[in-house]
Amino acid sequence: MSVKEATKAAPAPVRATPEPPRHTKKNRAWDEAPRWQVYLPLGIYLVFTLIPFYWILLFSLRPAGSTSLVPWPMTFEHFEKVWTDRSFGTYFTNSVLVGVATLLMTTLVALAGGYALARFDFKIKRAFMLALLCSQFVPGALLLVPLFEIFAELQMINSLGSVILAETVFQLPLSMILISNFIKNVPYSLEEAAWVDGCNRMTAFRIVVLPLLRPGLIAVGSFAFVHSWNHFLFALMFLNNQDKQTIPVGLNSLMSADSVDLGALAAGGIIAAVPVVIVFAFIQKWLITGFSAGAVKG
């Protein structure tokens with residue numbers, strides 16, 4: 001047998017598979033922190049975050065004059081008081097109308113303006129974007145007097161329309177910039193392909209672009225709703241009648257110079273917070289997707 005034949009007949013040497021490195025205590029200190037170093041700061045933060053909420057819940061559920069740290073016996077008299085005697089049912093309805101109307105108007109106008117900024121080039125585009133950014137540095141309190149004069153001329157004082165219009169105008173700059181960035185992430189070739197198939201620009205936008213903007217629209221609309229729900233200044237200045245006021249103004253009416261009804265104030269705060277918590281609980285998936293949107297599959 002020749003050397004060449006012997007080499008072919010000999011089995012190939014089996015290479016030993018290297019064992020995975022074992023994690024010693026010394027390696028673990030660098031690779032993975034002990035769990036208590038993660039859970040302890042999170043637990044402390046959670047305690048400081050939840051204590052104010054528990055305190056509000058405690059004052060709203062325990063009887064008036066009680067000093068117990070546990071809401072027992074539990075009572076709903078404070079909720080009944082603010083909802084009926086303090087007209088919080090009316091405030092709640094007005095806040096819902098203002099929030100939903102602001103959400104719709106802000107989203108629609110920001111969608112049109114954001115598409116123009118993302119897809120068209122014009123001479124004053126950079127100056128317009130700079131003006132939108134600079135408008136965010138102007139506090140709303142600075143414009144209360146001119147806005148009041150404008151709404152007085154339009155006979156919109158003591159109307160929910162004045163608050164809705166003011167909230168929409170102040171939400172539009174940032175919303176328009178965010179929507180334009182979302183539209184820029186949608187490849188322009190998708191619209192061009194729709195045009196080749198016979199769609200006009202509006203149809204291509206509705207069929208191709210709009211479904212991909214759902215997370216961004218939900219993010220912009222949710223912030224417009226929450227801001228208008230919690231905003232106090234415009235409702236205080238432009239609404240005079242009690243049946244036109246919103247929840248923030250109603251909460252302010254529970255505090256007087258002589259005394260504060262803590263139980264009623266806590267119950268009103270919970271009524272004001274629960275809708276916002278429910279909204280964010282349902283849209284949190286879309287909200288996170290909207291903020292992290294940076295690419296389009298396909």
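Residues numbered from 1 in each chain as written. Predicted model: local features only at pLDDT ≥ 70, side-chain atom pairs only at ≥ 80, totals over all residues. Heavy atoms only, no water.

### Focus: empty space enclosed by the protein
Condition: Only protein atoms enter the calculation, which uses a 1 Å grid: trapped sets of points that fit a 1.4 Å probe without letting it out are cavities, open sets showing protein on both sides within 12 Å along at least five of seven lines are pockets, and any residue with an atom within 4 Å of a point is a lining residue. Grid points are joined across faces, edges and corners, and a volume is the space filled by probe spheres set on the points. Think of it as three bins: nonpolar holds Ala, Val, Leu, Ile, Met, Phe, Trp, Tyr, Cys and Pro, charged holds Asp, Glu, Lys and Arg, and polar takes everything else, Gly as well.
Applying the stated criterion to the full structure yields one cavity of 30 Å³ or more. Estimated volume of the largest cavity: approximately 50 Å³. As for the largest cavity, its lining consists of Ser95, Val98, Val163, Glu167, Ser228, Trp229, His231, Ala235, Thr246 and Pro248. By residue class, the composition of the lining of the largest cavity is five nonpolar, four polar and one charged.

### Re the side chain of Thr102
Note the following rule: Every helix listed is a DSSP run of H or I at least four residues long, and every strand listed is a run of E at least two residues long, numbered separately from the N terminus. Only heavy atoms matter for contacts: two residues are in contact if any of them lie within 4.5 Å across the pair.
Summarising the element assignment, Thr102 is placed in helix α5 (residues 88-119). For Thr102, the contacting residues outside a window of four places in its chain are Ile164, Glu167, Thr168, Ala224 and Ser228.

### A word on the packing of aromatic side chains
Centre-to-centre distance and the angle between the planes together describe a pair of aromatic rings. What counts here: Planes of paired rings set the category: under 30 degrees apart is stacked, over 60 is edge-to-face and the rest tilted, where pairs are Phe, Tyr or Trp rings (Trp by its six-membered ring) whose centres lie within 6.5 Å. Think of it in three bands: residues with accessible area under 20% of the maximum for their type are buried, residues over 50% are exposed, and the middle band is partly exposed, with areas taken using a 1.4 Å probe on protein chains only.
Counted by the stated rule, this structure contains twelve aromatic pairs. Seen in terms of ring centroids, Phe92 and Trp229 are 5.6 Å apart; in terms of plane orientation they differ by 85°. Their pairing is edge-to-face. With a gap of 137 residues between them, Phe92 in helix α5 and Trp229 in helix α11 (residues 214-230) connect regions that are remote in the sequence. Overall, the relative accessible area of 23% leaves Phe92 in the partly exposed class. Judged by its relative accessible area of 1%, Trp229 falls in the buried class. When the ring of Phe151 is compared with that of Phe238, the centres are 5.1 Å apart and the planes differ by 80°; the resulting orientation is edge-to-face. Placement of Phe151 in helix α7 (residues 144-153) and of Phe238 in helix α12 (residues 233-238) is noted, with a sequence separation of 87 residues between them.

### Regarding a nonpolar patch on the surface
For clarity, the threshold we go by: A patch consists of residues exposed above 30% relative accessible area that lack any salt bridge, with like charges linked at up to 9 Å and nonpolar side chains (Val, Leu, Ile, Met, Phe, Trp, Tyr) linked at up to 5 Å. Each accessible area is a Shrake-Rupley result for a 1.4 Å probe, and residues are judged covered by the shown protein chains and nothing else. For this document, the term salt bridge refers to a Lys or Arg side-chain nitrogen within 4 Å of an Asp or Glu carboxyl oxygen.
A cluster of nonpolar side chains, Tyr54, Trp55, Leu69, Val70, Trp72, Met74 and Phe76, forms an exposed patch at the surface whose accessible area comes to about 820 Å². Relative to the helices and strands, Tyr54 resides in helix α3 (residues 35-61).

### Some points on the nonpolar core
The line we're drawing: Here, nonpolar core means buried Ala, Val, Leu, Ile, Met, Phe, Trp, Tyr and Cys residues that are tied together by side-chain atoms lying within 4.5 Å of each other.
Among the nonpolar cores identified, the biggest contains 17 residues, and Phe79, Val82, Phe88, Trp229, Ile247 and Leu251 are the most heavily contacted of them. If you list the elements that add at least two residues to this core, you get α4 (77-85), α5, α11, α13 (247-253) and α14 (262-292). No other element matches α14, which puts six residues into this core. Excluding anything up to four places from it in sequence, Leu251 contacts Phe88, Leu265, Gly268, Gly269 and Ala272. Listed in part, the 14 residues of the second largest apolar core include Leu111, Tyr115, Phe182 and Val186.

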